[in-house]
Amino acid sequence: MATGKRSLPGLGLMGAAVVALALIQAPQSSAADERSGDAGALATSYVGDTCSYSDNKSCLYLHYNSYDPTYLRPRGACHMSSRTMTNHWGVVQGTEIVRYVFRTYNATSYCNYASGSGVALVNDAASYFNDDCVRYQVYSGTSGQGGSHILSSGSKGPLNSSVLNTNESHYRRGTCS
Amino acid sequence: MNSLSRPRFGTLARLALPSGLVLVLAAGTVAGATSGDRSEPVADDVPAVRLLNEGWPSAVADSGLARDLSLPLEKYLPSYREMVAVDTARREVEKDCMTGLGLAWTPPVLFVDPSFSYNAMNTPRRYGITIASEAKQHGYDLPLPSSFSSGEEATPTDVEAAVLKGHDAAGKPVAEVAGIDVPDGGCRGVSAEDVGDLGDSLAGELAGQSLNTSEAHPDVVAAVAAWSACMADQGYETDHPYNAANITTASTQEVAVADIGCKESTDLVGIWYRVESEIQQDLIAEHRTALEQEAQHNVAVVAAAEAIE
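Everything quoted here is computed from the prediction, not taken from an experiment.

Colleague: What exactly am I supposed to notice about the sheet that holds strand 8 (residues 136–139) of chain A here?
Modeller: By definition, the strands of a sheet pair up through backbone hydrogen bonds, in either a parallel or an antiparallel sense. Residues and elements named next belong to chain A. Reading across from one edge, 9-8-11 is the order of the 3 strands in this open sheet, with antiparallel pairing throughout. Each end of this open sheet is capped by a strand with a single partner; those strands are strand 9 (148–151) and strand 11 (169–172). For this sheet, the mean inter-axis angle between neighbouring strands, taken without regard to orientation, is 15°.

Given below as structure tokens:
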């Protein structure tokens, strides 16, 4: 783990980039809760899906678990996305804090393993599956700062040591239509 | 039933990779028949990729505190130009594959939102932001190309997704769908076989190791502490350049400008770069043979991509 990682996210100045978030219920026990008190009276929601595809078939999946090549897809809870995220910690939208987390989804398809469900996305991703049509670049710092790992379309595997458990932002490098 | 023997390559106009602009145009006939769960097929003269012609990164930063800096491992990492060549060729192969099976192909727009790093080293922002002019205008955000617009993107149909990717939503391989014989690995598999994937598993891993190791080096620790003290003198409490973007007591532009000023006065970027350069030189010496093999693989992949016409 790199030193000097964040302790408190910015509040109120980083909300502009978020579009169409799928809000989910806060997990009962979540690492994301650890810092939620920092934001005072703001309500907090926990989001594991920032993928705009209606059926979540063509997303970038960032997984909590390490990559295991014996399985068709990375296992464990995931955060699915199809857009740029400048801060994996989350974002403040008006009077609400949106925290990004890993979640378990469809029991028969993607992200179908409970390990990591509800854990905060920031600095805790270990593997990925880029099922989108374009590349993504994951960074160890917010806003595209730090080391990075470029993920080609269709690829899957472990995140390398540039961003392994130090993921703080990612950028989508194109659009599909 | 449609079936695919091999994708067609002969109808594509040659792709060119001059500085700043690439556009690939396909010429030929309208793609084949329609059937079942699919949208309208597209004409072959629709480009398989669309690239913005601005905001392309240079190989070495030409401004800011990282100007002219290049880390030793960068020569082993796939470059922006190589990624464009490979992705362009692969999308062309996939387009031929999809349209050959009578399916729609919506050309992606590659390498936007915002301008891409030249390679995964991300040298201009590796030690945090370094360009004062960008900081004044955008704060910590990466500037978007002026022509970029993000619109709604269509979700592929089940058939399109299965044929393109060769698997269903659960990741299970699909051999046939809606009467279409799906090539092994889908049309992505076809393009992977014909072009290949750029590799950076070793170089990328070593780049991460060098960054993490350098971050704990006494010279870097001291430089970060000096930078943090400088920031504190200006009223900003932060312990690390990656965390400065979280400061909310001032505008992002004000903090970013102060950040760069403190980096300049403490020589943080120069110190960190020199420490990491030495670490990377040692890593290269230790892994030279494997790194050269990875680089040779990438040369072959780019050559295969450039042979797609």
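Colleague: Looking at this structure, how should I read the environment of Val 255 of chain B?
Modeller: Relative to the helices and strands, Val 255 of chain B resides in helix 8 (residues 252–266). Beyond its immediate stretch of four places on either side in the chain, Val 255 of chain B contacts Tyr 140, Met 231, Tyr 236, Ala 244, Ile 247 and Ala 250 of chain B.

Colleague: So what exactly am I meant to see when it comes to the state of the cysteines here?
Modeller: One pass over the structure, following the stated rule, counts 4 disulfides over all chains. In this model, Cys 78 of chain A is linked to Cys 111 of chain A through a disulfide, with the two sulfur atoms separated by 1.7 Å. Note on the Cys 78 of chain A and Cys 111 of chain A pair: the S-S dihedral is about 85°, so by sign convention the disulfide is right-handed. Of the two residues, Cys 78 of chain A is situated in strand 4 (residues 78–81) and Cys 111 of chain A in the loop between strand 6 (96–100) and strand 7 (127–130); the sequence distance between them amounts to 33 residues. With respect to burial, Cys 78 of chain A and Cys 111 of chain A carry one shared label: buried. A disulfide bridge connects Cys 97 of chain B with Cys 187 of chain B, and the sulfur atoms are separated by 2.0 Å. Given an S-S torsion of about -70°, the disulfide between Cys 97 of chain B and Cys 187 of chain B has left-handed geometry. Highlighted residues: Cys 97 of chain B in helix 1 (residues 80–100) and Cys 187 of chain B in helix 5 (residues 186–194), separated in sequence by 90 residues. With respect to class, Cys 97 of chain B is no different from Cys 187 of chain B; both count as buried. Counting only the cysteines that form disulfides, in the order they appear in chain B, gives the pairing 1-2, 3-4.

Rules used in this analysis
Residue indices follow the written sequence of each chain, beginning from 1 at its first position. To read the labels, note that chains go from A and ligands from 1, taken in the order they are written. Local features in this predicted model are restricted to residues whose pLDDT is 70 or higher, and side-chain atom pairs enter the listing and the counts only when it is 80 or higher, whereas totals over whole chains, interfaces and linings include all residues. Excluding hydrogens and water, the side-chain values take into account all heavy atoms of the structure. When DSSP locates at least two bridges between a pair of strands, those strands are taken to pair. Secondary structure counts use DSSP, requiring at least four H or I residues in a row for a helix and at least two E residues in a row for a strand, with both numbered from the N terminus. Every angle, taken between N-to-C directions, lies between 0 and 180 degrees, and every axis is a line fitted to C-alpha atoms, over only the stretch in contact when it is a helix. Any two residues whose heavy atoms approach within 4.5 Å are treated as being in contact. Here, two cysteine sulfur atoms that lie within 2.5 Å of each other are counted as a disulfide. Accessibility here uses a 1.4 Å probe with only protein chains present; expressed as a share of the type maximum, an area under 20% marks a residue as buried, one over 50% as exposed, and anything in between as partly exposed.

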